[in-house]
Amino acid sequence: MRGLIIGGNWKMNLGTPEETRVHLKELVSLTRSVNNVEIVVFPPFTTLYLAKELTKGSNIKIGAQNMHFELSGAYTGEISPKFIKSLGCEHVILGHSERRDIFHESDELINRKLKKALQMGLTPIVCIGEHLDERENGKTKEIIQYQMEHTFRGLIKEEILKTVIAYEPIWAIGTGKTATPEQAEEVHEFIREFLSQEYDESVARAIRIQYGGSINPTNAFDLFKEKNIDGGLVGGASLKPDSFHEIIKAAERIHDLE
Ligand code: PGA
């Protein structure tokens, strides 16, 4: 059985030590008795170290929101996967649509980052998703397939198996407009079909695929109960410990049903 994974992507929020301390103290205590759900929080780089310290011995793992594709060098303003790893972080988000759209990250660049993250033993969470006009023009699957072909290029079976995929329709991110469970499930199923063709059936079945885009405590359960949805990547609703905890509880309920 694939485990459920809930990520809290803080984006460029809560990055001061004080904000991080207040938030994580509450979240650590709220999630103390959570079982069977993998919880990963992604704070800004400035508080990764502190976040690791604050979550020691808790149910919460800490990951990074981005990384560079080299381990060191003349890359002003960039963060090496080695630095992330040295803090004890296990996860890194790659190819978030905000990185793609605002910072012009291409599938090829994300592919380089992905290979380096895997080499470094980090678990990458690779985001893919279509824009609103692409969905409206019936191009969703075409876009998803293109992104997967280019982002995962050259990955062998053992590598893709260590990767988590996050399907995040861009029109649903931060907009309050969630994909319906049916819309999300259709794409998740398509992603597994692609993996089955590129690799094999066992790979398609084993890989965890999160949904992301305006998840909140009200819609989380219905999304997570879809057969091919293995939890979520949460932005806005992860900024408040209680709403994030409600979403984690929805995932726990799904686990208990299975
Ligand atoms: P949102 O963000 O939950 O605020 O829509 C999700 C994401 O960008 O991962």
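The text that follows walks through the structure, step by step, so that each part is easy to find. (Residues numbered from 1 in each chain as written. Predicted model: local features only at pLDDT ≥ 70, side-chain atom pairs only at ≥ 80, totals over all residues. Heavy atoms only, no water.)

So, about the overall build of the protein. Secondary structure summary: the protein contains twelve helices and eight strands in total. The C-alpha radius of gyration of the protein comes to 17 Å, within 12% of the 18 Å expected for a compact globule of 258 residues. In terms of overall dimensions, the protein has a C-alpha envelope of 50 × 45 × 35 Å along the principal axes. Counting the 258 residues in the protein, one finds 54% classified as buried. Restricting the contact set of the protein to residue pairs at least 6 apart, pairs at least 24 apart contribute 74%. Of the roughly 11,700 Å² of accessible surface on the protein, 50% is carried by carbon and sulfur atoms. Each charge class in the protein can be summarised by its mean position, and for the 31 positive and 38 negative side chains these summaries are 5 Å apart. (Helix = DSSP H or I, 4+ residues; strand = E, 2+ residues; numbered from the N terminus. Rg over C-alpha atoms; globule rule 2.2 N^0.38 Å. Buried < 20%, exposed > 50% of the residue type's maximum accessible area, 1.4 Å probe, protein only. Contact = heavy atoms within 4.5 Å. Areas by Shrake-Rupley, 256 points an atom, 1.4 Å probe, with all protein chains shown as cover. Lys, Arg positive; Asp, Glu negative; His and termini not counted. Charge placed at Lys NZ, Arg CZ, Asp CG, Glu CD.)

Quick look at the pairing of strand 7 (residues 209-212) now. Judged by which residues are buried, strand 7 turns out to be covered on both faces: I209 and Y211 on one side and Q210 and G212 on the other are all buried. One ladder, built from three bridges, connects strand 6 (residues 164-167) with strand 7; its direction is parallel. Across the sheet, residue I165 finds its bridge partner in strand 7, namely I209. Bridge count for strand 7 against strand 8 (residues 231-234) is two bridges, and the pairing is parallel. In the strand pairing of strand 8, G212 is matched with L233. (Pairing = 2+ DSSP bridges.)

Close to the ligand lie 13 residues; K11, H96, E168, G174 and S214 are nearest. In the environment of the ligand, an oxygen atom lies 2.6 Å from a nitrogen or oxygen atom belonging to the side chain of H96. One of the backbone N or O atoms of G236 is found 2.8 Å from an oxygen atom in the ligand. In isolation the ligand exposes 280 Å². Once the protein is present, 95% of that is buried. In this structure, the ligand is accommodated by the second largest pocket. Here the shell around the ligand is built from residues that sort into four nonpolar, seven polar and two charged. (Near = heavy atom within 4 Å. Polar contact = N/O pair within 3.5 Å; in protein donor to acceptor, adjacent residues only side chain to side chain. 1 Å grid on protein atoms, 1.4 Å probe; cavity = no way out; pocket = protein on both sides within 12 Å on 5 of 7 lines; lining within 4 Å. Sits in = over half its atoms within 2 Å of the grid points. Nonpolar A, V, L, I, M, F, W, Y, C, P; charged D, E, K, R; others polar.)

Attention now moves to the sheet that holds strand 5 (residues 123-128). With respect to topology, eight strands assemble into a closed barrel ordered 1-2-3-4-5-6-7-8, the strand pairing being parallel. Across the sheet, the mean angle separating the axes of adjacent strands is 30 degrees when strand polarity is ignored. Where strand 3 (residues 60-64) lies against strand 4 (residues 91-94), two bridges are found, and the strand directions are parallel. Bridging from a neighbouring strand, A64 pairs with V92 of strand 4. Seen against the sheet, helix 5 (residues 107-119) touches strand 4 and strand 5 and runs at an angle of roughly 170 degrees to strand 4. The sheet contacts of helix 7 (residues 140-151) involve strand 5 and strand 6, and relative to strand 5 the element is tilted by about 145 degrees. (Axes fitted to C-alpha atoms, helices over the stretch in contact; angles between N-to-C directions.)

Structurally, H131 is set in the loop between strand 5 and helix 6 (132-136). Residue H131 is classed as partly exposed on the basis of its relative accessible area, which comes to 27%. Residues H131 and I143 lie twelve residues apart in sequence; the distance between their C-alpha atoms is 9.1 Å. Each residue touching H131, except ones within four places of it in the same chain, is listed here: D101, I170 and W171.

A rise of 1.5 Å per residue sets the reference length of helix 1 (residues 17-30), with its 14 residues, at 20 Å; its end C-alpha atoms lie 20 Å apart and thus fit the reference within 8%. Contacts from the buried residues of helix 1 go to strand 2 (37-42), helix 2 (48-54), strand 3 and helix 12 (241-257). (Expected span 1.5 Å × (residues − 1).)

Before going further, it helps to examine the side chain of T47. Mapping T47 onto the fold places it in the loop between strand 2 and helix 2. The class for T47 is buried, based on a relative accessible area of 1%. Engagement of the side chain of T47 in a polar contact is seen with the side chain of T20, the distance being 3.2 Å. Sequence-distant contacts of T47, that is, excluding residues within four places in its chain, are made with L14, G15, T16, P17 and T20.

The next thing to look at is helix 12. Note that an α-helix has 3.6 residues per turn; residues three or four places apart therefore point the same way. If you check helix 12, its first and last C-alpha atoms are 24 Å apart, about what 17 residues at 1.5 Å a residue would give, namely 24 Å. On its buried face, helix 12 is in contact with strand 1 (4-9), helix 1, strand 2, helix 11 (220-224) and strand 8.

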